[in-house]
Amino acid sequence: MAKSVLAVDDSKTMRDMVSFTLRGAGYTVVEADNGVTALKALQGQKVDVIITDVNMPEMDGITLVRKIRAQPQYAGTPILILTTESDQSKKDEGRGAGATGWIVKPFSPEKLLQIVAKVCP
Amino acid sequence: MTEDQSYDLSRFKATYFEECSELLATAEETIARLQEGTGSDDDLNALFRCVHSIKGGGGAFAFEDLVHFAHVFETSMDALRSGRAQLTPHVADILVRGNDVLGDFVRAAQEGTTLPADHGAEVKASLASIISGERLPVDQAARPAPMAQPAAAAPVQPGFATWTIRLVPAPTLLKTGNDPLLMIRELASLGEMKVAVDRSRLPGLAEMDAQMAYLAWTFTLVTDQGRTAIEDVFEFVAGDSAEVSIEQIGQTVDAEEGDGWGLFAPLPPTPELTPSPATTAPGSTSAAHPAVVASPPRGGETGAGGIHTSSIRVDLDRVDRLVNMVGELVITQAMLGQQASGFSIESHPELVQGLQELSHHTRELQESVMAIRAQPVKALFSRAPRLVRDLSAKLGKQARLVMSGENTEVDKTVIEQLSDPLTHLIRNSLDHGIEMPDERVANGKPAEGTIHLGAEHRSGRVIIEVSDDGKGIDRRRVLNKAIEKGLVERGTPMTDEQIDQLIFAPGFSTAEQVSDVSGRGVGMDVVRKNIQDVGGRVVVQNIPGQGARFILSLPLTLAVMDGMLVAVGNQRYVLPLTNIVESLRPTAQQARALVDVGDVLTLRGDYIRLLRLHKVFGLDNAITEFTKGLVVVVETEGGDRIGLLVDELLGQQQVVIKSLDSNYRPVEGISAATILGDGRVALILDVGALRVMGERVSQAEAAAAAQAAE
Amino acid sequence: MSESNIRQFISFTIGDEEYGVDIMAIREIKGWSITTELPNTPAYMRGVINLRGAIVPILDLRSRFGRGVTDASPRHVIIVVAVGNRVAGILVDAVADILAVSSDDIQPVPQLEHVATGFLTGLVTVEGRMVALLDLDHVFAFDEMGINDTEAAA
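What counts as what
- Residues numbered from 1 in each chain as written.
- Chains lettered and ligands numbered in written order.
- Predicted model: local features only at pLDDT ≥ 70, side-chain atom pairs only at ≥ 80, totals over all residues.
- Helix = DSSP H or I, 4+ residues; strand = E, 2+ residues; numbered from the N terminus.
- Contact = placed C-beta atoms within 7 Å.
- Pairing = 2+ DSSP bridges.
- Axes fitted to C-alpha atoms, helices over the stretch in contact; angles between N-to-C directions.
- Parallel < 35°, antiparallel > 145°, perpendicular 65-115°, else oblique.
- Left-handed = near helix turned anticlockwise from the far one by under 90°.
- Nonpolar A, V, L, I, M, F, W, Y, C, P; charged D, E, K, R; others polar.
- Buried ≥ 20, exposed ≤ 12 C-beta atoms within 10 Å, placed from the backbone.
- Core = buried A, V, L, I, M, F, W, Y, C linked by C-beta atoms within 7 Å.
- Expected span 1.5 Å × (residues − 1).

Asks: Before we move on, could you go through the overall build of chain B and cite the residues and values that matter?
Replies: When helices and strands are tallied, chain B shows 20 helices and 25 strands. Across chain B, contacts joining residues at least 24 apart in sequence account for 65% of those joining residues at least 6 apart.

Structural data, given as structure tokens:
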């Protein structure tokens, strides 16, 4: 069965590119534009990997990671946060919140697929 | 999955630039608020995110110049939103310029042009100065700072480190007189701390012993105090009464790292975990165990990718097609209705009822579809404050802008088309309307002029108003100018209103009117044309000395309208239902011809000018006497009433508005066309224009009568 | 030499005269249907019709040339053409022929008295007949038409 990914980013361009890349590789992609809508999406279905931006309105990515980890069924789900190059504190916060790893924006489609495959083979 | 090295991301460019345009507009609005002092922390965050998103996308397409500039902008926004830098009026000005330059880079990226290498360098330096409070050498601020550099961007400053501390008290901890709360407080005093509690050992209420310690905690602490200080907090309990682990997490403790990515591991125990049978031990997030995740049942998968957003972006083309289809549906439904008009509810109950329901559903569908394209007029008004500010400063005048009805909804196309005309009207107000401060004061006005920009829905249309309390339009000058330009013959009798309307005449703008500020070559005639192109009209109400009001009246929905079909001679016309006040067959006393005025209807004490449509349109076979036909009293947007003589009313129906001038050209008195149930074209009457035509006819007749009397 | 530009035209008649329209401009050909008149327009503007949902103006070519108003009947023909961004129709008596003409054979229009020469782009002789080629832009110069336009005495 195809792996499913939840892609969370308030930029539609980003969402489009991530979805396009992942769907092209056979993943099912669910999109959300901020933490609140992301949590709602998770209520309706289970995903295998979560990729989220950190800077979003309503609920930022770090808080989202924390809330996702608070749900038992997502205790072990790989969560990747998308950061900007110099954002060390966000990385630390992500780590503290329970994220699995990080990817720096902008990233190439190949890199995205590589990392997603790594955390979710 | 392809091995293709060149993923073609260019398909996303359109979306990206669209997004940029929205973000830049939002940013401008936000900055305006910040400048005025009505901004909030949310605004700072929102502005950060705008720049962040533009930069992120830009990076994906390798728009290097854009990214470099955006990076500095983003970093300065980060400093502002986190409080490290202060938002002063000076800083706000820098943000304004920063946003402008950002827009330049976006546009250049979109058009594929390159800006000069030092474009925006000054602004970039100013932005950088926000970050550090001093002027940084431009280069240093311009490059996205690599991780290792303790650059201003990294909030964990030199000397500070981040620690993960785990405290698992032995159940008997409390009996030793140690209070976890005190330890926690002490730890918190060392720096910035976040706490996560682990309730996994907490038993049910029945089994709980109030003197036992069940909770455990994980702290994330940023402090410059060093490990020893942390250890000291737990000196009495570590090892004996509690398990304490202190671990520094920092830049390099990544299990795996690549170019631009990394995995955190080992992860601290995740908070609030109730171990559940379906998962393995908490914290096993390393790459090898994703299979675990699959075991809880997958409920409710929504298939190939649901999108959960609160809004969805759709190509305008698709919406247009949808609008057209709904329009055609309305026509077909009207045709069916007409075909079935011979059937009564007794003879064909289901058919008649079904058609009634169809009509109802069609109307609802049409309203919903129209609402899709409707947007608050706020988008149109957003540039006005800055325009007024900049322009009044430039002209040395004082003016403030008051806006109302920004949430009034208007079709998206209308907003796009009205942007230029509205800008021109505001400029015009400032340039020619509002006087210099001393002149105003000398005339007993406040030194500061007021420009009012308002929008509201009224009788089925959207009314947008631009008014000022300036000196109004000088009628004598306008008339002279018009005579000079050959637009009017000297000696032609004209009402004040007709003189005012002359400013819209083609060719009216003169070198005097067209100042550097209002823009060369953009006359009021172009403004009016733009407004007419979206099916609207504009009139001016002028009070010399006190000000001028420009009233734009626009259709609410561009495509469908409720109309009343009327017959005049052999022709059928449609009157917009929203214009109709009432209809009657007047008595001889009610409808009379008055000297110098023309035909007039007396109705409940009011005098209403009458108009013979057959005369205005040159039609044969029509009823020519008011008492033998029907007079339909209609009201124009300006509030004037006239009575139209028609042969009979043929019934009310919804009509789809079709443009006449896309294939032909505007016809006076006609606003558009429609297709009736029998497939024939019917013309939709323009009540406002009819009023003007009627006056012309009356004036001509009065002049002819005067001549005949000589 | 012999492969010079071949252009195709559809020719039609107004009374005894034959005119041609570039085939590339033609959208469709249909029979006359009753138009809805537009008020205060010249006599040659017959009005508008509904062409599959679009409002299309119909010009009476005979009247446009100043030869009087056509007494339209279902046997008359409307040729729907595209002119710039517009779609419009001309009312003619009947369709005549499809012509393939080499552009070398198209002659400039001399100053003739009874033909409204401003509306033509050229003349060509086909099988002994003279066909006048229409300049559609000129024929349909709507923006230049006055309200009380009359082309010569009707």
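Asks: Lay out the sheet that holds strand S4 (residues 45-51) of chain C with the relevant residues and their values.
Replies: Residue and element names in this part refer to chain C. With respect to topology, 5 strands assemble into an open sheet ordered S3-S6-S7-S5-S4, the strand pairing being mixed. Strands with a single pairing partner mark the edges of an open sheet, and in this sheet they are strand S3 (26-31) and S4. Shown here is a sheet whose adjacent strand axes are inclined to one another by a mean of 30°, direction ignored. Here S4 pairs with strand S5 (residues 54-60) via 6 bridges, running antiparallel. The residue of S5 that forms the bridge with Leu 51 is Ala 54.

Asks: Kindly report on the packing of helix H1 (residues 12-24) of chain A against helix H5 (residues 109-119) of chain A, identifying the contributing residues and their values.
Replies: Residue and element names in this part refer to chain A. Across the interface, H1 lies against H5 with an axial gap of 10 Å and an inter-helix angle of 60°. Our classification of the angle between H1 and H5 gives oblique. Our pair here, H1 against H5, has a crossing hand that is right-handed. Note on element contacts: H5 touches H1 through Pro 109, Leu 112, Leu 113 and Val 116, opposite Val 18, Thr 21 and Leu 22. Its residues assigned to classes, the contact of H1 with H5 comprises 6 nonpolar, 1 polar and no charged.

Asks: Please set out the pairing of strand S7 (residues 86-92) of chain C residue by residue, giving values where relevant.
Replies: Residue and element names in this part refer to chain C. In terms of burial, S7 is largely enclosed, as 5 of its 7 residues are buried. Both S5 and S7 contribute to a ladder of 3 bridges, which runs parallel. Along S7, the bridge assignment pairs Asp 60 with Leu 91. In the sheet, strand S6 (residues 77-83) pairs with S7 via 7 bridges, with the strands oriented antiparallel. Among the inter-strand pairings, Ile 79 is bridged to a residue of S7, identified as Ile 90. Between S6 and S7, which pair antiparallel one after the other, the connecting turn spans 2 residues, and Gly 84 there sits at a positive phi close to 60°.

Asks: Tell me what's going on with unusual backbone geometry, and back it up with residues and numbers.
Replies: In this structure, B:Asn621 takes a positive phi of about 60° despite not being glycine. Here B:Asn621 shows up in the loop between helix H19 (613-617) and strand S21 (630-635). Of the residues examined, B:Asn621 has 11 C-beta atoms within 10 Å and is grouped as exposed. Phi at C:Asn40 is positive, roughly 55°, even though this residue is not glycine. Within the fold, C:Asn40 resides in the loop between S3 and S4. By the C-beta count within 10 Å, which is 16 here, C:Asn40 ends up partly exposed.

Asks: Could you give an account of the nonpolar core, naming the residues involved and the relevant values?
Replies: Of all hydrophobic cores here, the largest spans 84 residues; its most connected members are A:Val5 and A:Leu6. Broken down by element, this core gets its largest block of residues, 9 residues, from helix H3 (residues 64-81) of chain B. Once you skip the residues sitting within four places of it in the chain, A:Leu6 turns out to touch A:Val30, A:Ala32, A:Ala38, A:Ala41, A:Leu42, A:Val47 and A:Ile50. With 80 residues, the next largest nonpolar core counts B:Ile642, B:Val655, C:Val21 and C:Val81 among its residues.

Asks: Summarise the interface of chain B and chain C; cite the residues concerned and give the values.
Replies: Between chain B and chain C, the contact holds 20 residues from the first and 18 residues from the second. When residues of the side of chain B that touches chain C are traced back to their parent elements, those giving at least two are strand S24 (670-675) and strand S25 (681-685) of chain B. Within the side of chain B that touches chain C, the residues separate by chemical class into 9 nonpolar, 6 polar and 5 charged.

Asks: Break down the pairing of strand S22 (residues 641-646) of chain B for me, citing the residues and quoting the values.
Replies: Residues and elements named next belong to chain B. The buried count for S22 comes to 5 of 6 residues, which makes it a mostly enclosed element. Examined bridge by bridge, strand S20 (residues 606-612) and S22 share 4 bridges and lie parallel to one another. Within the sheet, the bridge partner assigned to Leu 610 lies in S22 and is Gly 643. Bridge analysis of S21 against S22 gives 6 bridges, and the strand direction is antiparallel. Bridging across to S22, Val 632 finds its partner in Leu 644.

Asks: Provide a residue-level description of the sheet that holds strand S9 (residues 120-126) of chain C, including the pertinent values.
Replies: All names here are of chain C. Judged by pairing direction, the sheet is mixed, and its 5 strands sit side by side in the order S8-S1-S2-S10-S9 without closing on themselves. Edge positions in the open sheet fall to strand S8 (94-102) and S9, since each of these has one partner strand only. This sheet shows a mean twist of 35° between the axes of neighbouring strands, independent of strand direction. Pairing analysis gives 8 bridges linking strand S1 (residues 6-14) to S8, with the strands arranged antiparallel. Among the inter-strand pairings, Ile 10 is bridged to a residue of S8, identified as Ile 98.

Asks: Which residues make up helix H4 (residues 88-97) of chain A, and what values do they have?
Replies: All names here are of chain A. With 9 of 10 residues buried, H4 is to be regarded as a mostly interior element. All of the buried residues in H4 are Gln 88, Lys 90, Lys 91, Asp 92, Glu 93, Gly 94, Arg 95, Gly 96 and Ala 97. Phi turns positive, to about 110°, at Gly 98, one or two residues after H4.

Asks: An account of the environment of A:Ala2 is requested, with residue identities and associated values reported.
Replies: Residue and element names in this part refer to chain A. Along the polypeptide, Ala 2 turns up in the segment before strand S1 (4-8). Each C-alpha atom of the pair Ala 2 and Asp 48 lies 9.5 Å from the other, and the pair is 46 residues apart in sequence. Apart from residues no more than four positions distant in its own chain, Ala 2 is found in contact with Gly 26, Tyr 27 and Thr 28.

Asks: A description of helix H1 (residues 13-36) of chain B should follow, citing residues and the corresponding values.
Replies: One turn of the α-helix equals 3.6 residues, which is why residues spaced by three or four share an orientation. With 24 residues, H1(B) ought to run about 34 Å at 1.5 Å a step, and its terminal C-alpha atoms sit 34 Å apart, in line with that. Considered for burial, the residues of H1(B) that qualify are B:Tyr16, B:Glu19, B:Cys20, B:Leu23, B:Ala27, B:Glu28, B:Glu29, B:Thr30, B:Ile31, B:Ala32 and B:Leu34. Against H1 of chain A together with helix H2 (41-60), helix H4 (89-111) and helix H13 (384-395) of chain B lie the buried residues of H1(B). Just downstream of H1(B), B:Gly37 is the residue with a positive phi angle, here 90°.

Asks: Account for the environment of C:Ser11, with residues named and values stated.
Replies: If you trace the backbone, C:Ser11 turns up in strand S1. If sequence neighbours within four positions are ignored, C:Ser11 has contacts with C:Glu18, C:Tyr19, C:Gly20, C:Ala96, C:Asp97, C:Leu99 and C:Val131.

Asks: Please set out the packing of H13(B) against helix H14 (residues 412-433) of chain B residue by residue, giving values where relevant.
Replies: Residues and elements named next belong to chain B. The contact between H13 and H14 brings their axes to 10 Å, and the two run at 30°. Considered as vectors, H13 and H14 are oriented roughly parallel to each other. Considering how the two elements wind past one another, H13 and H14 form a crossing that is right-handed. Across the interface between the two elements, Ala 384, Leu 387, Val 388, Leu 391, Ser 392 and Leu 395 of H13 pack against Thr 423, Ile 426, Arg 427, Leu 430 and Asp 431 of H14. Per-class residue counts for the contact of H13 with H14 are 7 nonpolar, 2 polar and 2 charged.

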